[in-house]
Structure formats: structure tokens, C-alpha cells
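Single-letter residue listing:
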Amino acid sequence: MVARLVWLLAAVVALSACPAAEPERTLDDRQLLIRASLDLRGVRPAEAEYARLEADPEALPALLEEYLADERFGARMRELYTPIVRTRIDQFPVDAQDYGLTDDAAFQASVGDEVPRIIGRIADEDLPFTEVVVGDWTMANEILGQVWPVEHAGTGWQVSRYRDARPKAGILATNSLWWRYPSNGVNYNRGRANALSRILLCNDYLSREVAFPRDIDLTDQALVDDALRTNPGCVNCHVSLDAMASYLFGFQYPANAEADDASRYHPERERDWADATGVAPAYYGEPGYTLEDLGRQIAGDNRFVECAVETVFQGLVARDAALADRDELTRHREAFLTGGLTLRALVRSILTDDAWLGQAGVERNAAVRKIVTPDLLASQIEALTGYRFTVDGRDMMKTDLFGLRSLGGGVDGYSGAAPSRVPTPTMVLVQERLAQAAAWHAATRESAMAPLDRTLFRGIDFTETPQTNEAAMVEQIRMLHRTIFGTVTAPDAPQVTEALALWSDLYAIEHTQVDAWAGVLSVLLRDPDLIFY
């Protein structure tokens, strides 16, 4: 056990210092079961599922289908798209206090989750993915229902509709997307248009190589505007970008807009493009008038489907798509189309890809062990222990400014920096702190429960004199390994012996069984298997 932790720290140094050696490219069925359960449900397999696979090696396909049908599938697709849409941030142009609310954390979390929740519902209910740009609905909870012009009754997240005059255009017509991507006085929604292009078409204008004219005085707005219309280096991007941006003026707010102004769509501003840029709304040369037109145009673009395939593929295989993936991406695209553009149909196809199975050759670079995102680390530990790392109502694994998401290897919601795909020192430290807090929480909570009601410590009596029943302690440690890792350890295995010794050392210091078992559990939760899967 200790040796595994030492190995992880050594791996961090090695991966940071030099290219990784080519690993053996194969995963056994137990590892594939764990990978599927984490990717599709956000939790590790249950003991009964491990047992089914051991009893029948042919049970894996059936288990994967059950995971695809699981009610948590939508939440996983929500988390997969979170690094893409990047709406979960800690600051927005409007604060909770502007609406007379006092809970900043709940307000910011609600705003940031609107777009991911839309994608989650599309996945949950097998709606065609085109709903993301043509749907006439949104998702809202009681906080958004209180402050925005949306229909909402009761509590929790529900399908809702805006009550103002905004067009029906899926996420294109949501407050949260445009609060995340505001537009200043002279940008005229170009940054917003690029956000749509990046998210929905996988075409980031900022990633293009541009031969920018160096003789333009950027402090002279008239010269800049002229260059955008006439200079080939500028026109190359702006001929399509500016026309797309002109659809978005209904969400153009003045600086320091009042909360009510920023909460509503403004159809009276839709034609402000005429004075701002003079470029009429269009989509790659096809004219239009409203956001509904833009939504339909994006939905009809082949790149929209291809981008969805590429995004989900990259999220599940934990690497960028490459030229060598072309044939498989085409296969997944056909499965997506045949399946009615449902995310389940797309994911089902990707689960048969050698890149996800860890069996692709060097050319396609299959990741034998992927690295969990901070949210995935948190969700599997929460499922095991019941603990979620929150401070003052903020989820520490989902926020950057106040939390640990970027330190834990996740996406930076502000800069858009990609999630880490190699272990880092800060990732290991985040896992350590999360493991310690979760282990203490679990041991304390379960010590007050009857043994049959517990999930982790079912084999011991917290009230009896310690070390009077070593056989029960050995069985308890083996039970923890079975529950967490799905492995059957021998009673005399080194990891069992080491855990017993650790328990004794901790009990000698703390003099309580709860603290001693919490220490043993925290070490297990720091195992590399909870980061690599």
C-alpha cells in the first residue's frame, strides 16, 4: 500500500521530466467494468456487479448496457460537456445581492449549471442533440425561477421556459451562456460568436494562424473597422464571424447593466448590428434574422454532428482526436445519426472503440489508464463514503476561484486551460485532503450505525475492545478492498498486513477505533487506482 503511494509520487516526477514509455495496451474485464462505471455513472461498480462479472465473463456487454440505461448517465454527459461550455465559474456580471439574495455560492452554482443541465436532460431523455440549439425550453431551479423570467414551480431542477420575448434556440437563448461570455462595447458579440463556433462546431477562430497586418494603429477604431472589411488577413475570419455575431445583439447589455436588464432578452436591440458593424446576420453566407434562424442553421450544418462526435469521443478516451481516428469517428458519426442523434447511441458506439477499450495500437494512442477529473474523483468518493467537499456552500471540486478544480487537474473555467492528462503534484495533494476528510466522515458516521446499515465498516464492532478479534479486522480490511477496488485479497496479503500495522500505530496515538479506521480508509482512498482508471 505504502509502496503504491511512493510509486505514484515517482510517476509524477517521471511524467513531468520525460516522455512516458509506451505501456502495454490492454485492460482486463474488471478494469473495463470500472472504466465504464465511472464514465457512464460517476461511481465505481457495486460488489454484486463485480461478482456477476466473475461468475460470467460474458456478462460485460450486458453490464455496459445497464450502465448506459442508468439514471446517472445524463449527469455524466453534463460533466463531460462542462469543460467545453465553461459556464461554471465563480463570478458573473450580476451578483446575488443585485437580486436581494444573500447566498452567493448557491446563486453562482445555479447560473453556471443551466447549460450543463440542458445537455444532461437531452442525454437522460434520449432527445436528439439538435435540441441543444433549437429547443424551446431551458432548465431552472427555484433560485433561477425567483430571479429570471422563467416558469418554475416547486423545488429542484425542472424543465422551464423563459417568459420574455426571446427566440427558441436552446442554449443560444440562455442567460447563463451570455453571462459567461459577455461582450464589451467594441467587440460587438464576436467573442460570443467564437464561443458558439468552438462549442458547437469545434472551430475556434482564435486557434487559426492569422497573418495579422502590423501596420494598423489599433488605437484608431476607424482604421481597425476598415481593416476588418478590406484586409485579407482580417476578412478571412471576420467575414463569417461578424455575420454570426450579428444574431446576438438581443443579449447586448450596457456596461454595469441592472439585474433586470441583464436578465431579459431585448428584441428591440436585435438590429443594433446596423450601427455597430453594418454586417447583417448570416451563417457562412446564408442570411437570417433571429436566433431561431441561427439555431436551425447550426443544427443543419454537418460540422455540428461531427463536432458532437469529436467532443464526446475526446471526453471518453481522454485525448484529442487525431487523423488516425478518422475511420472510427466516421463509424461513430453513423451510429449517432442512425440512433436519432441521441447521446446514448453515440456513447454506445464509442464503447466499442479500441481507443476506449485501451487496445488500440500506438498509431491511435489508446490510454491504458485514464486520469479522473476532479468531479469524477469526488463523485466516486462520495458514493463510497457519503462525503462531498464543500465550504460555505461551494463545491470545492467544481470551482476555481474558491475551490480546487484547477489544482485537482480540471479545466480552468476562466482561461479555458485544458484538463490535465498526466498526474501532477497538486492533483495528488487534492486527492490526499479529500481522502482524509471523506474517511473521517465515513468512519464517524458509520460508527453510529448498526452494522447491517453500513456500507464500508460492516465487519467490525466499534464498541468492543480493540484487537480482541483480529480475524474480524482482517476480514474488514479485505471487505474494504473488495468494496473500493473490486479485488479479493488473501488474509495474509501484504496490503492486509500493512493495513493492520497502520491501524495499530494509529490506535496507539489516537486511542479511538474511529480515528484508527479513518486513517486506514484514508490511505486506501489515496490509492493510485482512484486517480487512474
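The structure we're discussing is the one just above.
This write-up is about the structure you can find in this document. (Residues numbered from 1 in each chain as written. Predicted model: local features only at pLDDT ≥ 70, side-chain atom pairs only at ≥ 80, totals over all residues. Heavy atoms only, no water.)

**A closer look at the overall build of the protein chain**
Along the protein chain, the regular secondary structure elements total 24 helices and six strands. Classification of the 533 residues of the protein chain by burial places 53% in the buried group. In the protein chain, the share of contacts with a sequence separation of at least 24, taken over all contacts with a separation of at least 6, comes to 64%. (Helix = DSSP H or I, 4+ residues; strand = E, 2+ residues; numbered from the N terminus. Buried < 20%, exposed > 50% of the residue type's maximum accessible area, 1.4 Å probe, protein only. Contact = heavy atoms within 4.5 Å.)

**What about the environment of Arg-421?**
Of note, Arg-421 is situated in the loop between β6 (394–395) and α21 (425–447). The class for Arg-421 is partly exposed, based on a relative accessible area of 41%. Spatially, the C-alpha atom of Arg-421 lies 8.6 Å from that of Val-372, the residues being 49 residues apart in sequence. Dropping the residues within four chain positions of it, Arg-421 is found in contact with Gln-314, Ala-318, Arg-319, Asp-320 and Ile-371. From its side chain, Arg-421 meets the backbone oxygen of Ala-318 in a polar contact 3.4 Å long. (Polar contact = N/O pair within 3.5 Å; in protein donor to acceptor, adjacent residues only side chain to side chain.)

**Some thoughts on the pattern of salt bridges**
Tallied over the full model, the rule gives 40 salt bridges. Its salt-bridge partner being Arg-76, residue Asp-375 comes within 3.4 Å of it at the nearest N-O pair. Note that Asp-375 is positioned in helix α20 (residues 374–385) and Arg-76 in helix α5 (residues 73–85), a separation of 299 residues in sequence. Among the salt bridges present, the one from Asp-261 reaches Arg-269, with a minimum N-O distance of 3.3 Å. With respect to class, Asp-261 is no different from Arg-269; both count as buried. (Salt bridge = Lys/Arg side-chain N within 4 Å of Asp/Glu carboxyl O.)

**Comments concerning helix α23 (residues 494–510)**
Taking 1.5 Å per residue as the helical rise, α23 with its 17 residues ought to reach 24 Å, and the 24 Å between its terminal C-alpha atoms agrees with that figure. Residues of α23 that are buried: Val-496, Ala-499, Leu-500 and Trp-503. Looking straight down α23, one finds its buried side chains confined to an arc of 100 degrees; they lie on one side. More than 90 degrees from the buried face of α23, the exposed residues found are Pro-494, Ala-508 and Ile-509. Close packing links the buried residues of α23 with α22 (470–485) and α24 (513–525). Of the residues trailing α23, His-511 is marked for its positive phi of about 65 degrees. (Expected span 1.5 Å × (residues − 1). Arc of directions from axis to C-beta.)

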